[in-house]
Amino acid sequence: MGINTEQLSNILDNFVSSTNDVQGAALVTPDGLALAASLPGGMDEERVSAMSAAMLSLGERIGGELARGGIERIYVEGDQGYGVLTSCGEDAVFLVLASRAVKQGILMLEIKGALGELKSILI
Amino acid sequence: MALDSHKLMNKMEQRSLFTAEDKTLLQSHADWGREIAPDMAEKFYDYLGRDEEMNAILTEKEGRIHRLRETFIEWFAEMFTGMDNWGGDYADRRWRIGLIHVRIGIDPQHVVPAMATVVREAEKRLIAESKPSELKESLSKICMIDLAFIEQAYVEVSSAAVLRETGWTERLFRRLISTGADSM
Ligand code: HEM
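Residues numbered from 1 in each chain as written. Chains lettered and ligands numbered in written order. Predicted model: local features only at pLDDT ≥ 70, side-chain atom pairs only at ≥ 80, totals over all residues. Heavy atoms only, no water.

> Mind showing me how you'd approach the overall build of chain B here?
In terms of helices and strands, chain B carries nine helices and zero strands. Written out in order from the N terminus, the α and β elements of chain B read α-α-α-α-α-α-α-α-α. In terms of its C-alpha atoms, chain B occupies a principal-axis envelope of roughly 55 × 40 × 30 Å. When each of the 184 residues of chain B is scored for burial, the buried share is 43%. Taking as baseline every contact in chain B between residues at least 6 positions apart, the subset at least 24 positions apart corresponds to 77%. Carbon and sulfur atoms make up 52% of the accessible area of chain B, which totals about 10100 Å². If the 25 positive side-chain charges of chain B are averaged to one point and the 32 negative ones to another, these points end up 3 Å apart. (Helix = DSSP H or I, 4+ residues; strand = E, 2+ residues; numbered from the N terminus. Buried < 20%, exposed > 50% of the residue type's maximum accessible area, 1.4 Å probe, protein only. Contact = heavy atoms within 4.5 Å. Areas by Shrake-Rupley, 256 points an atom, 1.4 Å probe, with all protein chains shown as cover. Lys, Arg positive; Asp, Glu negative; His and termini not counted. Charge placed at Lys NZ, Arg CZ, Asp CG, Glu CD.)

This is the structure in structure tokens:
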């Protein structure tokens, strides 16, 4: 049975529209291919997907090299907002974009919730 | 990106139209190949030595040029003998030569003109000694196959090193190259 991409897209769309200050999200394979994406207009989905996979993998490597243990998330903090990368099981990388105004604790909880839903479909 | 050198050898033979006739012709001139190899080495290192950058690489380590002359002579002669009839040993040896050049940091911009020099100098000898023109063609083909090995090693080893350090999959790496290249 193939992965239900429609369901994945629905979860992402819901997540983006219902979570305060979340601006976009994408689920990509470790090869950098988008499984589902709900990104702000003008963002290059292909490039974002490849870079997200690259970043998570590199983060995991550097985490190992720096003896930081298993990596829970990669956090990109810019003056325009945040990008959070979390691994979603073996086969996917979850990217979330949020504005500067986001409450980080809440964002992390929301991400955890979305990950649970996404994983249940991927397995 | 573990490359299968034997497969590459087969592919290169096909693509270069390197036939059984080429092999027979080269092998029948194996003695001649060995005979002219020292002179070819002389010309080759003379050529490399005239380039500032390449000369610096050659003289960087004590005894390097001497060692290189020996290995070049072997390499040149092997193009005529084919070692194991251009089989697995030949492919492995060519792959290893490529790997060594990548490690030293010798780029396509150095290797391609260098191989052109080998072809040109060999051609002069072929003409001077009235060797059959088919031999020139066979030798050119195998020179280009050897060149392809060094060049392919360059790509493969560079990519494999990045993959090792980043944990990226090969597909991801290729994707990054294509999205990056698209924006150039
Ligand atoms: C037609 C192109 C070339 C051929 C066929 C060739 C052939 C070879 C061979 C057979 C070896 C020995 C590999 C071994 O130890 O197993 C070698 C090593 C080497 N080559 Fe080349 N080469 C080429 C181009 C170049 C160029 C352009 C340079 C630039 C300076 C260069 C510099 C070296 C150096 C520094 C080594 C390592 C020597 C050492 O053992 O310290 N080669 N080459």
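> Just checking my understanding: could you explain the overall build of chain A for this structure?
Along chain A, the regular secondary structure elements total three helices and five strands. Along its sequence from the N terminus, chain A presents helices and strands in the succession α-β-β-α-β-β-β-α. At 14 Å, chain A has a C-alpha radius of gyration in line with the 14 Å of a compact globule built from 123 residues. Considered along the principal axes of its C-alpha atoms, chain A spans approximately 40 × 40 × 25 Å. Taken across its 123 residues, chain A has 42% of its residues classed as buried. (Rg over C-alpha atoms; globule rule 2.2 N^0.38 Å.)

> I tried to follow the site of the ligand on my own but got confused; where do I start?
Residues and elements named next belong to chain B. Around the ligand, the surrounding shell holds 19 residues, and the nearest of these are Arg64, Arg67, Leu68, Arg93 and His101. In this structure, an oxygen atom belonging to the ligand sits 2.7 Å away from a side-chain N or O atom of arginine 67. In the model, an oxygen atom of the ligand is placed 3.0 Å from a nitrogen or oxygen of the arginine 93 side chain. Those elements giving two or more residues to the shell around the ligand turn out to be helix H3 (30-49), helix H4 (52-58), helix H5 (64-81), helix H6 (88-104) and helix H7 (108-128). (Near = heavy atom within 4 Å. Polar contact = N/O pair within 3.5 Å; in protein donor to acceptor, adjacent residues only side chain to side chain.)

> What's the story with the coordination of the iron atom of the ligand in this structure? I'm lost.
Coordination angles at a metal have ideal targets, namely 109.5 degrees for four tetrahedral donors and 90 or 180 degrees for six octahedral donors. For the iron atom of the ligand, the sole protein-derived donor is His101(B) (NE2), lying 2.0 Å away. In this fold, His101(B) is placed in helix H6. (Donors = N, O, S within 2.8 Å, 3.2 Å for Na, K, Ca; no water.)

> What is the right way to read unusual backbone geometry from this model?
Most peptide bonds take the trans configuration, and most residues that are not glycine carry a negative phi. Here the phi dihedral of Ala67(A) falls at roughly 55°; this positive angle occurs in a residue that is not glycine. Mapped onto the secondary structure, Ala67(A) falls in the loop between helix H2 (45-65) and strand S3 (74-78).

> Explanation requested: the interface of chain A and chain B in the structure shown.
Where the parts come together, the accessible area they lose is often given as the size of the interface. Taken together, the contact pairs 13 residues of chain A with twelve residues of chain B. Summing both sides of the interface, chain A and chain B together bury roughly 1100 Å²; the carbon and sulfur share of this comes to 53%. The tally of links between chain A and chain B comes to one salt bridge. When the shortest N-O distance is used, the salt bridge between Asp31(A) and Arg171(B) registers 3.2 Å. Inspection of the region where chain A meets chain B yields nine residue pairs in polar contact (both at pLDDT 80 or more). In terms of residue class, the side of chain A that touches chain B is made up of seven nonpolar, two polar and four charged. (Buried area = accessible area lost by both parts, 1.4 Å probe. Salt bridge = Lys/Arg side-chain N within 4 Å of Asp/Glu carboxyl O. Nonpolar A, V, L, I, M, F, W, Y, C, P; charged D, E, K, R; others polar.)

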